[in-house]
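So the chains spell out like this:
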Amino acid sequence: MATRNTSKKSETKGRRGNITAEAREKGAISKSQRGIFNKYIRALQGRAAEKNREKIAEIDAILTRGRHVRKAPVFKNGKRIGTKEKELALLPSERAKLMAQRSRLESSLTRKAPDELRNDFLAILPEYAAKNGLTREILISVGVPLEDLAAAGL
């Protein structure tokens, strides 16, 4: 006859199940804080934000060079046969438009996360950072904006 040893199973289950209510609550709070932190940073670093960062880098390169590439028509015997790229100096109006576009893109980087999520993030940030040993430099390197660090008192 095959008998099962059920006493061993229930002993191991009992040992694993002896988590205090306080430990469960701390774990739930930790999990909730981690979720808010990750959700907020992902909202700031989504695809749209990444595209905006790329556009900002392109604008910076154009402004630094002071020149931009334009497509110019190519004619042969008075007939248009195609286009070629031509590098031209930036006009003052073009420089101003690029600077305005860059400013709009920068401001949109911080507005991507909903206000409610940002408020939740700011509420948990000091405790979460202290508990996990996250320094100001670490938070900046993972993408927490400086204005959020100031608002949270870090």
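The structure reproduced in this document is the subject of the present report. A quick note: this is a predicted structure, and the numbers were derived from the prediction, not measured. Counting of residues starts from 1 at the beginning of each chain's written sequence and follows it residue by residue. For a predicted model such as this one, the threshold for reporting local features is a pLDDT of at least 70, and the threshold for listing and counting side-chain atom pairs is 80 or more; totals across whole chains, interfaces and linings nevertheless cover every residue. Each side-chain value is derived from all of the structure's non-hydrogen atoms; neither hydrogens nor water enter the calculation.

**Observations concerning the pairing of strand S1 (residues 67-76)**
- Relative to strand S2 (residues 79-89), S1 runs antiparallel, the two sharing 10 bridges. Within S2, the residue paired with Pro73 across the bridge is Thr83.
- Here S1 folds back onto S2, and the loop between the two strands holds 2 residues, one of which, Asn77, carries a positive phi near 55 degrees. Pairs of strands are assigned from DSSP output, requiring at least two bridges between the strands. What counts as a helix is a DSSP run of H or I of at least four residues, what counts as a strand is a run of E of at least two, and both are numbered from the N terminus.

**Section: the pattern of salt bridges**
- Criterion for a salt bridge: a side-chain nitrogen of Lys or Arg within 4 Å of a carboxyl oxygen of Asp or Glu. Tallied over the entire structure, the rule returns 5 salt bridges.
- Here Arg67 makes a salt bridge to Glu87, at a shortest N to O gap of 3.4 Å. Note that Arg67 is positioned in strand S1 and Glu87 in strand S2, a separation of 20 residues in sequence.
- By relative accessible area, which is 34% here, Arg67 ends up partly exposed.
- What makes Glu87 partly exposed here is its relative accessible area of 40%.
- It is possible to trace a salt-bridge network through shared partners that takes in Asp60, Arg102 and Glu106. Three labels apply to residues, based on accessible area from a 1.4 Å probe with only protein chains included: buried if under 20% of the type maximum, exposed if over 50%, partly exposed otherwise in between.

**Let's talk about the packing of aromatic side chains**
- A pair of Phe, Tyr and Trp rings is counted when the ring centres sit within 6.5 Å of each other, with Trp represented by its six-membered ring. The angle between the planes then sorts it: under 30 degrees is stacked, over 60 is edge-to-face, the rest tilted. A full pass over the atoms with the stated rule returns 3 aromatic pairs.
- In this structure an aromatic cluster arises from ring pairing among Phe37, Tyr40, Phe121 and Tyr128.

**Some words on the nonpolar core**
- Put simply, buried Ala, Val, Leu, Ile, Met, Phe, Trp, Tyr and Cys residues joined by side-chain atoms within 4.5 Å make one nonpolar core. Phe37, Tyr40, Ile41, Phe121, Leu125, Leu139 and Val144 are the most contacted members of the largest nonpolar core, which totals 17 residues.
- Elements that contribute at least two residues to this core include exactly helix H2 (21-44), helix H5 (115-132) and helix H7 (146-152).
- If you tally residues by element for this core, the top one is H5, at 7 residues.
- The criterion used for residue contact is that any of the two residues' heavy atoms lie within 4.5 Å. Residues contacting Phe37, with those up to four places away along its chain left out, are Phe121, Ile124, Leu125, Tyr128, Leu139, Val142 and Val144.
- Within the second largest apolar cluster, 8 residues are counted, among which are Ile56, Leu63, Leu90 and Leu105.

**Here's the deal with the side chain of Gln33**
- By the secondary structure assignment, Gln33 is in helix H2.
- Polar contacts involving the side chain of Gln33 include one to the side chain of Glu127, which spans 3.5 Å.
- Ignoring any residue separated from it by four or fewer positions in sequence, one finds Gln33 in contact with Ile124, Glu127, Tyr128 and Lys131. Contacts described as polar in this section are N or O atom pairs within 3.5 Å, which, within protein, must combine one atom able to donate a hydrogen with one able to accept it, while residues neighboring in sequence count only if both atoms come from side chains.

**Some words on the environment of Leu88**
- Within the element layout of this structure, Leu88 appears in strand S2.
- C-alpha separation for the pair Leu88 and Gly66, spaced 22 residues apart in sequence, amounts to 8.7 Å.
- Excluding anything up to four places from it in sequence, Leu88 contacts Gly66, Arg67, His68 and Arg70.

**So, helix H3 (residues 47-65)**
- Expected helix span is taken as 1.5 Å per residue step, with the number of steps being one fewer than the number of residues. The end-to-end C-alpha distance of H3, which contains 19 residues, comes to 27 Å, matching closely the 27 Å that a straight helix rising 1.5 Å per residue would cover.
- Those residues of H3 that sit buried are Ala49, Asn52, Ile56, Ile59 and Leu63. The buried side chains of H3 occupy one side of the element, clustering within an arc of 80 degrees when seen end-on. Exposed and oriented more than 90 degrees from the buried face of H3 are Arg47, Lys51, Glu58 and Thr64.
- Once H3 ends, the next one or two residues include Gly66, with phi positive near 75 degrees. Along the arc lie the directions from the helix axis toward the C-beta atoms.

**Observations regarding the packing of H2 against H5**
- What counts as an axis is a line fitted to C-alpha atoms, over the stretch in contact for a helix, and the angles between N-to-C directions run from 0 to 180 degrees. At a closest axis distance of 9 Å, the pairing of H2 and H5 adopts a crossing angle of 120 degrees. Taken together, H2 and H5 sit at an angle that is classed as oblique. Regarding H2 and H5, the two cross each other, and that crossing is left-handed. Of the residues in H5, those in contact with Ser30, Gln33, Arg34, Ile36, Phe37, Lys39, Tyr40, Ile41 and Ala43 of H2 are Leu117, Arg118, Asp120, Phe121, Ile124, Leu125, Glu127, Tyr128 and Lys131.
- Per-class residue counts for the contact of H2 with H5 are 10 nonpolar, 2 polar and 6 charged. Should an angle fall under 35 degrees it is taken as roughly parallel, and over 145 as roughly antiparallel, whereas 65 to 115 is taken as roughly perpendicular and any remaining angle as oblique. Left-handed describes a crossing in which the near helix is turned anticlockwise from the far one by less than a right angle; the clockwise case is right-handed. Ten residues, namely Ala, Val, Leu, Ile, Met, Phe, Trp, Tyr, Cys and Pro, are considered nonpolar, four, namely Asp, Glu, Lys and Arg, are considered charged, and the remaining ones, Gly among them, are considered polar.

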